[in-house]
Structures are given as C-alpha cells and as structure tokens.
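Listed below are the residues making up each chain.
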Amino acid sequence: FQCGFNAGDGINWKRITNTTFLDLPYTTNVNQPGIWMFRLDNAAINNGGCNTKGHLTIKPYKVDMLGGRNVELHGPCYENYNQIMCKFRDGTPSKGALISYLDDTLARCTVPMVFFIGPAKLYLSLDNGITYPYDGTFFY
C-alpha cells in the first residue's frame, strides 16, 4: 500500500515516498516520528514543517503600522536553546520568544511601529543576532 493525499483540486497530489500506511507512525518529514506537514497554499504541494533553506513563512502576513503585534515565524527547525532575534527593515532588533519546545516549527517576534505602508523584510537569527540566515516578507 502507498501513502499520499490530494490537494482537493482534483489535479495536484502528493505521494509520500518510501512509506506505507504501516510506516506512518514511525516516519516523518519534520523530525517528529508520526507527524507529516505539507504546504497546500501554492500551486504545488510542498513539504511543510521546518527547513534549513532560509525562507520564513510569516503569519499574519499583514499588520498595522502601530506595531506591537506578534507575528508567527515558520521555517527554521527551532531548538529550545536557540536565542531568537528578529531584525526588521529599519535594522531594529526585537528579541523573539520560542513558543513551545514541543513544537520545533514555530517562534514569534513583535513587530515595531513604522511610518510607512507596504512590504517589509524580516530577518531571523537563532544565535542571538550574530547571523541572520532566514528572511521573509510581510506587509504593513
């Protein structure tokens, strides 16, 4: 037996390679056996969960100019020892908070107040601001 699913559009589908339904509790694509995550918001079905490729998914993708809103950051594989920092378009660093050690796919940062509207870059550090290997775009 093979494992997989369709995207609900009758066109796109994903086969979970090298896995049978008996293997599902013991295999994963997000470093947690029994858990599988996929992105379905694009035309193609992509693996979800954490990655080491530098791209952030930011939710919500639109915030108001007053700042103070926490945004959720998905992308990196977080560890409980990470010292998370976010840097925004104007270079303002903001200390982040790891939401849960049990969920290695989620962190959050608080966005600052700004005096513009439009796209803004967010850069993420896992080493207390020494490097910022992850980035993403959201909107004010």
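Structure: see above.
Note that the coordinates shown come from a computational prediction; the quantities given were computed from them, not determined experimentally.

## Side note on the overall build of the chain
Line of reasoning, step 1. A count of helical and extended segments in the chain gives zero helices and 12 strands.
Line of reasoning, step 2. Put simply, the chain runs from its N terminus to its C terminus through helices and strands in the order β-β-β-β-β-β-β-β-β-β-β-β.
Line of reasoning, step 3. Within the chain, buried positions represent 31% of all 140 residues.
Line of reasoning, step 4. When the accessible area of the chain is evaluated, it comes to approximately 8,700 Å², of which 55% is carbon and sulfur surface.

## Let's talk about the state of the cysteines
Line of reasoning, step 1. With the rule as written, the count across this model stands at one disulfide.
Line of reasoning, step 2. Between the sulfur atoms of C86 and its disulfide partner C109 the distance amounts to 1.7 Å. Because the torsion about its S-S bond is 75°, the bridge between C86 and C109 counts as right-handed. Here C86 is found in strand β7 (residues 85–88), whereas its partner C109 is found in strand β10 (residues 107–110), with 23 residues between them in sequence.
Line of reasoning, step 3. Relative accessible area serves as the criterion here: at 0%, C86 is assigned to the buried category.
Line of reasoning, step 4. Given a relative accessible area of 1%, C109 falls into the buried group.

## Side note on the pattern of salt bridges
Opposite charge on two side chains makes pairing possible when the charged atoms of those side chains draw close.
Line of reasoning, step 1. This structure, assessed with the given rule, holds one salt bridge.
Line of reasoning, step 2. Residues D135 and K121 are paired through a salt bridge, measuring 2.9 Å at the closest nitrogen-oxygen approach. Taken together, the residues D135 in strand β12 (residues 134–139) and K121 in strand β11 (residues 119–125) connect sequence positions 14 residues apart.
Line of reasoning, step 3. Classification of D135 by relative accessible area gives partly exposed; the value is 26%.
Line of reasoning, step 4. For K121, a relative accessible area of 32% corresponds to the partly exposed category.

## Structural notes on the nonpolar core
Line of reasoning, step 1. One finds L56, L73, Y78, L122, L124 and F138 to be the most contacted residues of the largest nonpolar core, which totals 20 residues.
Line of reasoning, step 2. Elements with a minimum of two residues in this core: β6 (70–74), β7, β10, β11 and β12.
Line of reasoning, step 3. Per-element accounting of this core gives the leading share, three residues, to β11.
Line of reasoning, step 4. If near-sequence neighbours (up to four positions away) are discounted, L122 is found in contact with L56, I58, V71, L73, C86, K87, F88, Y134, D135, G136 and F138.

## Thoughts on the packing of aromatic side chains
Line of reasoning, step 1. Considering all chains together, one arrives at three aromatic pairs under this definition.
Line of reasoning, step 2. Centre to centre, the rings of F116 and Y140 are 5.3 Å apart; their planes meet at 80°, and the pair counts as edge-to-face. On the criterion of sequence distance, the pair formed by F116 in the loop between β10 and β11 and Y140 in the segment after β12 is long-range, its members being 24 residues apart.
Line of reasoning, step 3. Aromatic rings pair up to connect F88, F116, F138 and Y140 into one cluster.
Line of reasoning, step 4. One cation-aromatic arrangement involves K87 over Y132; the distance from NZ or CZ to the ring centre is 4.4 Å.

## Brief notes about unusual backbone geometry
Line of reasoning, step 1. Residue P60 is reached from K59 by a cis peptide bond, and omega for that bond is -5°.
Line of reasoning, step 2. You can see P60 is positioned in the loop between β5 (57–59) and β6.
Line of reasoning, step 3. For N128, which is not glycine, the phi dihedral falls at a positive 65°.
Line of reasoning, step 4. Within the element layout of this structure, N128 appears in the loop between β11 and β12.

Rules of the game
- Residues numbered from 1 in each chain as written.
- Predicted model: local features only at pLDDT ≥ 70, side-chain atom pairs only at ≥ 80, totals over all residues.
- Heavy atoms only, no water.
- Helix = DSSP H or I, 4+ residues; strand = E, 2+ residues; numbered from the N terminus.
- Buried < 20%, exposed > 50% of the residue type's maximum accessible area, 1.4 Å probe, protein only.
- Areas by Shrake-Rupley, 256 points an atom, 1.4 Å probe, with all protein chains shown as cover.
- Disulfide = S-S within 2.5 Å.
- Salt bridge = Lys/Arg side-chain N within 4 Å of Asp/Glu carboxyl O.
- Core = buried A, V, L, I, M, F, W, Y, C linked by side-chain atoms within 4.5 Å.
- Contact = heavy atoms within 4.5 Å.
- Phe/Tyr/Trp six-rings, centres within 6.5 Å; stacked < 30°, edge-to-face > 60°.
- Lys NZ or Arg CZ within 6 Å of the ring centre and 35° of its normal.

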